[in-house]
Amino acid sequence: RAVKGKGSITESHKNDYLLDATLTYNKTIFGNHNLKVMAGYAYQKFSTEMLYGYNDHFVSDVFGVNNLQAGGNKTKKVESSKSISKYLSYFGRINYDIADKYLFTFTLRADGSDRFGKDNRTAVFVSGGLSWNIAREYFMRPVTWLSDLKLKVSVGSTGNAAVGNYGHLALAGTANYNGTTGWRYAQLPNPDLGWEKQIQTNVGISATFFEKLKV
């Protein structure tokens, strides 16, 4: 059916606040043993606000979307929303290598998100890896055009918090019946909602073609 024109306007504000701090320590021991330790803290807050208006059945388009109330009273729509989510993380990493030939990496992080139930908001993720830089071995010295040739093996756990806000809460909403607005159940609680966890393993080899560094 003809609606004599439609008009809508949306206004949204999105903010992302991030505080990230790290501390790094480096130490060389026994001449060719290198140790690097990093510890960090991160806090992040997302906030979103939205306002939406719609109407149709306009008698004139002279006002554009700056006079939505000039449309039909039965078709006008107004919506607004606001959501906030927060993350808190503590993390650390240890890198240790011997003469840049044998490299060891260990990482540990604890993440928390208010998107989950109160008993499942935090999770700990661990990973470790080994690398062998074959290009640093004595038998590779004649190969002057190869800078690095690394064989890598790693295993670790990862997490996913992309579940949307307030999925663990019981939520109320409004409904209109026969011209009267009332309350209704919009969402049942899910206190067991928690992090999606995965174990990932990687095996690979990488090469850098460059003038070989003398060792």
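Here, the structure is the one placed above.
Being a predicted model, the structure only gives us computed values, none of them experimental.

**Digging into the overall build of the protein chain**
At step 1: Across its full length, the protein chain holds zero helices and nine strands.
At step 2: Secondary structure of the protein chain in N-to-C order comes out as β-β-β-β-β-β-β-β-β.
At step 3: The C-alpha atoms of the protein chain give a radius of gyration of 29 Å, which is well past the 17 Å a tight globule of 215 residues would have.
At step 4: Across its three principal directions, the C-alpha atoms of the protein chain cover 85 × 45 × 30 Å.
At step 5: Among the 215 residues that make up the protein chain, the fraction classed as buried is 24%.
At step 6: Look at the contacts in the protein chain between residues 6 or more apart in sequence, and 65% of them connect residues 24 or more apart.
At step 7: The centroid of the 26 positive side-chain charges in the protein chain is displaced by 1 Å from the centroid of its 17 negative side-chain charges.

**Regarding a nonpolar patch on the surface**
At step 1: Together, Tyr102, Phe104, Leu130, Trp132, Phe139, Leu151, Val153, Val203 and Ile205 give the surface a local cluster of nonpolar side chains, amounting to about 880 Å² of exposed area.
At step 2: Within the residue set of the nonpolar patch, elements represented by two or more residues are strand S4 (102-113), strand S5 (122-133), strand S6 (146-160) and strand S9 (196-209).
At step 3: Here Leu130 is to be found in strand S5.

**What about the pairing of strand S1 (residues 6-29)?**
At step 1: Where S1 meets strand S2 (residues 33-56), 24 bridges bridge the pair, whose relative direction is antiparallel. In the strand pairing of S2, Leu18 is matched with Gln44.
At step 2: The turn linking S1 back onto S2 is made up of three residues, and Phe30 within it adopts a positive phi angle of 55°.

**Comments concerning unusual backbone geometry**
At step 1: In this structure, Ala99 takes a positive phi of about 55° despite not being glycine.
At step 2: Judged by its relative accessible area of 29%, Ala99 is partly exposed.
At step 3: For Tyr166, which is not a glycine, the phi torsion comes out positive at approximately 65°.
At step 4: Along the chain, the position of Tyr166 falls in the loop between S6 and strand S7 (171-177).

**Focus on the environment of Lys197**
At step 1: Among the secondary structure elements, Lys197 is positioned in strand S9.
At step 2: On the accessibility criterion, Lys197 (53% relative accessible area) is exposed.
At step 3: Measuring from C-alpha to C-alpha, the distance between Lys197 and Thr10 comes to 36 Å, with 187 residues separating the pair along the chain.
At step 4: Filtering out sequence-adjacent residues up to four positions away, Lys197 remains in contact with Ala123, Phe125 and Thr158.

**A word on the side chain of Asp97**
At step 1: Tracing the chain through its elements places Asp97 in strand S3 (residues 77-98).
At step 2: There is a polar contact of 3.0 Å between the side chain of Asp97 and the backbone nitrogen of Asp100.
At step 3: Leaving out residues up to four positions away in the same chain, Asp97 has contacts with Asn32, His33, Asn34, Tyr102 and Leu103.

**Considering the environment of Asp119**
At step 1: Counting through the fold element by element, Asp119 comes out in the loop between S4 and S5.
At step 2: For Asp119, a relative accessible area of 68% translates into the label exposed.
At step 3: Along the chain, Asp119 and Gln200 lie 81 residues apart, while their C-alpha atoms are 25 Å from each other.

**Some remarks on the pattern of salt bridges**
At step 1: Counted according to the given criterion, the structure contains four salt bridges.
At step 2: We note a salt bridge from Asp100 to Arg136, for which the minimum N-O separation is 3.2 Å. Of this pair, Asp100 sits in the loop between S3 and S4 while Arg136 sits in the loop between S5 and S6, placing them 36 residues apart in sequence.
At step 3: For Arg136, a relative accessible area of 5% translates into the label buried.
At step 4: What you see here is one network of salt bridges that share partners, running through Asp100, Arg136 and Asp148.

About the thresholds
- Residues numbered from 1 in each chain as written.
- Predicted model: local features only at pLDDT ≥ 70, side-chain atom pairs only at ≥ 80, totals over all residues.
- Heavy atoms only, no water.
- Helix = DSSP H or I, 4+ residues; strand = E, 2+ residues; numbered from the N terminus.
- Rg over C-alpha atoms; globule rule 2.2 N^0.38 Å.
- Buried < 20%, exposed > 50% of the residue type's maximum accessible area, 1.4 Å probe, protein only.
- Contact = heavy atoms within 4.5 Å.
- Lys, Arg positive; Asp, Glu negative; His and termini not counted.
- Charge placed at Lys NZ, Arg CZ, Asp CG, Glu CD.
- Patch = residues over 30% accessible without salt bridge, like charges linked within 9 Å, V, L, I, M, F, W, Y side chains within 5 Å.
- Areas by Shrake-Rupley, 256 points an atom, 1.4 Å probe, with all protein chains shown as cover.
- Salt bridge = Lys/Arg side-chain N within 4 Å of Asp/Glu carboxyl O.
- Pairing = 2+ DSSP bridges.
- Polar contact = N/O pair within 3.5 Å; in protein donor to acceptor, adjacent residues only side chain to side chain.

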